[in-house]
Amino acid sequence: MKLEHIGIAVKSLGISDELFTKLLGKESYKKESVEREGVTTSFYAAGESKIELLEANKEESPVSKFIDKKGEGIHHLAFGVENITKEIERLKKEGFEFISEEPKEGADNKLIVFLHPKSTNGVLIELCQEKQ
Ligand code: ZN
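Residues numbered from 1 in each chain as written. Predicted model: local features only at pLDDT ≥ 70, side-chain atom pairs only at ≥ 80, totals over all residues. Heavy atoms only, no water.

The criterion, for reference: UniProt positions are given in the numbering used here, feature names are shortened, and annotations may be inferred rather than shown by experiment.
The name given to the protein chain in an unreviewed UniProt entry is Methylmalonyl-CoA/ethylmalonyl-CoA epimerase, with Chryseobacterium taichungense as the source organism. We quote the UniProt Sequence similarities (unreviewed entry) comment for the protein chain here in full: "Belongs to the methylmalonyl-CoA epimerase family."

Description of the coordination of the zinc ion
Note the cut-off: Note: metal donors comprise N, O and S atoms at 2.8 Å or less from the metal (3.2 Å for Na, K and Ca); water molecules are not included, so apparent gaps in a site are possible. Donor angles set the geometry label: tetrahedral for four donors if every angle is between 85 and 135 degrees, square planar for four and octahedral for six if opposite donors exceed 155 degrees and the others are between 65 and 115, irregular for anything else. Runs of E in the DSSP output that reach at least two residues are strands. Runs of H or I that reach at least four are helices, and both are numbered from the N terminus.
In the first shell of the zinc ion, the protein supplies H5 (NE2), E52 (OE), H76 (NE2) and E126 (OE), at 2.1 to 2.2 Å from the metal. Metal-centred angles of 83 to 165° between the 4 donor atoms at the zinc ion mark the site as irregular. Linear spacing of the donor residues for the zinc ion on their chain is H-x46-E-x23-H-x49-E. Here H5 is found in strand β1 (residues 2-10), whereas its partner H76 is found in strand β5 (residues 73-80), with 71 residues between them in sequence.

A word on unusual backbone geometry
Unlike most non-glycine residues, D108 shows phi in positive territory, near 65°. With respect to the helices and strands, D108 occurs in the loop between β6 (104-105) and β7 (110-115). Despite not being glycine, N109 has its phi angle at roughly 60°, a positive value. With respect to the helices and strands, the residue N109 is situated in the loop between β6 and β7.

What follows is the structure, encoded as structure tokens:
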């Protein structure tokens with residue numbers, strides 16, 4: 001597994017895109033809405049990993065619930081895997097719990113699943129696999 005990206009929940013992509021562009025010295029290379037997740041994402045390259053800014057695009061988005069509860073900040077860590085189905089099976093055997101065990105389409109041409117933070121020290125973990 002490699003650290004594929006870090007997801008950061010933000011209130012406004014307008015404001016945060018400006019901030020991260022200054023911070024990293026480069027523009028976001030991709031913006032993409034994921035309707036089912038209720039988010040608009042903005043990606044930055046950062047070495048071998050990426051930063052994914054997440055802005056809620058509807059009221060009942062998990063990201064707006066997260067910001068209501070905890071404020072803006074680190075939302076999840078995403079690990080890239082070769083075979084997401086195998087990793088889900090492996091991690092289930094190890095006793096990890098998933099929010100949903102069914103891989104779904106995420107941003108950036110990926111299949112994704114989330115582990116439940118109660119089984120991962122309070123950190124929301126995403127597994128992602130490049131779609132073939
Ligand atoms: Zn992510």
